[in-house]
Amino acid sequence: MSHNISNFKSQWENDEVRVNVPFSAAGVGTTIVLTSKFTGKMMMLDVGDGVLRDLLLFGSTDFVDEIDPIAISHGHFDHVGGLHSLLGFMQMLDRKNPLNILIPTDCKQAIGIIKNFRDNYGDSIPFKICNHEMVEGSGFDTDFFKVQSIEVEHYSLEKHSEVEILEPSLGYRVQIGQTLIAYTGDTRLCSGVETIVRDADLAIIEATRRETPSGPRVHLSINEAEDLGKLAKNYMLIHKIPEMPS
Ligand SMILES: [Zn+2]
């Protein structure tokens, strides 16, 4: 089966902000880039596998210096898989300014990737990596991005036992000038996700399931995501399931 790559890509902009989702597919990778049009400063929401190739398609390596912060929604591989590569590329191109990485508290996968990178490269890393563990209501501001984290409910299903395991998972609201961008991360329907998207200029909403399943609720369905989107001024649906070759 062939796939049109544009199914996994989205874009939105207003006068102040450009939002690029160069790629998002459930179980493969999700990468979201927010760019302040006035300053060129960039922020990332999740860094899935392929993030470097996606960023290089913008036609410049300016992102090496301009990205700050990176906010991680949760530790599943399709949301953090590109972090090691991105740090390596920044090291290779001699980034100097500190990089802030926002992660859900106790998100062992993201913490592990950062620790592993520091352990391997130590003093040869030319920039400071500052990780910040975020909880419900945590804020983090740079001069260009004001970030607030809100807890959502995202489970992993332990296949052998059918036990639901709650992952440390956050969604984010990001203020850039007068523009508010909301990102749900992965979540099932919960009060947190409504708070995240409400009144946002753009809500980026995961819409993994084609239909609302009757069993364990790990993700939003397209219908649920569309209803949530109506709480915001604009919305885009991401993180759909790609059709796998059978
Ligand atoms: Zn997930």
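To be clear, the structure that these remarks concern was listed above.
(A) Up close: the pairing of strand β4 (residues 42–47). The element β4 is extensively covered by neighbouring structure, given that six of its six residues are classed as buried. Two strands pair when backbone bridges link them, and strand β3 (residues 29–36) and β4 are joined in this way by five bridges, in the antiparallel orientation. Its bridge partner being in β4, T31 is matched across the sheet by V47. Adjacent in sequence and paired antiparallel, β3 and β4 are bridged by five residues, among which G40 carries a positive phi angle near 80°. Summarising the sheet, β4 and strand β5 (residues 67–71) pair through three bridges and their orientation is parallel. Note on β5: the bridge partner recorded for M44 is I70.

(B) Just the pattern of salt bridges, in detail. In this structure the tally under the stated criterion is ten salt bridges. The closest approach of N and O atoms between D119 and K115, which form a salt bridge, is 2.6 Å. Linking D119 with K115, this pair stays in helix α5 (residues 108–121), spanning four residues, or about one helical turn. Among the ionic contacts, a cluster of salt bridges with common partners joins E13, R18 and K37.

(C) A look at the packing of helix α4 (residues 83–92) against α5. Contact geometry of α4 with α5 gives a least axis separation of 9 Å together with a crossing angle of 35°. The two elements α4 and α5 cross, and the hand of that crossing is right-handed. Together, L83, H84, L87, G88 and Q91 of α4 and I113, I114, N116, F117 and Y121 of α5 make up the contact between the two elements. Grouping the constituent residues of the contact of α4 with α5 by class yields six nonpolar, four polar and no charged.

(D) Focus on the coordination of the zinc ion. Around the zinc ion, the protein contributes the donor atoms H74 (NE2), H76 (ND1), H154 (NE2) and D186 (OD), which lie 2.2 to 2.4 Å from the metal centre. Every donor counted, the four donor atoms about the zinc ion form angles of 89 to 175° at the centre, which fits irregular coordination.

(E) How the structure looks around the sheet that holds β5. Taken together, the seven strands give an open sheet; going across it, the order is β1-β2-β3-β4-β5-β6-β7, and neighbouring strands pair in mixed fashion. This sheet does not close on itself; its edge strands, each paired only once, are β1 (10–13) and β7 (129–134). Sheet twist, expressed as the average angle between the axes of neighbouring strands with direction ignored, equals 15°. Against the sheet, α4 touches β4, β5, β6 (99–104) and β7, its axis set at about 170° to β6. Strand contacts of α5: β6 and β7, with the helix running at about 165° to β7, the strand carrying the most contacts.

Criteria and thresholds
- Residues numbered from 1 in each chain as written.
- Predicted model: local features only at pLDDT ≥ 70, side-chain atom pairs only at ≥ 80, totals over all residues.
- Heavy atoms only, no water.
- Buried < 20%, exposed > 50% of the residue type's maximum accessible area, 1.4 Å probe, protein only.
- Helix = DSSP H or I, 4+ residues; strand = E, 2+ residues; numbered from the N terminus.
- Pairing = 2+ DSSP bridges.
- Salt bridge = Lys/Arg side-chain N within 4 Å of Asp/Glu carboxyl O.
- Axes fitted to C-alpha atoms, helices over the stretch in contact; angles between N-to-C directions.
- Left-handed = near helix turned anticlockwise from the far one by under 90°.
- Contact = heavy atoms within 4.5 Å.
- Nonpolar A, V, L, I, M, F, W, Y, C, P; charged D, E, K, R; others polar.
- Donors = N, O, S within 2.8 Å, 3.2 Å for Na, K, Ca; no water.
- Tetrahedral: all angles 85-135°; square planar, octahedral: opposite > 155°, others 65-115°.

Bear in mind that shape data such as this cannot, by itself, settle questions of function.
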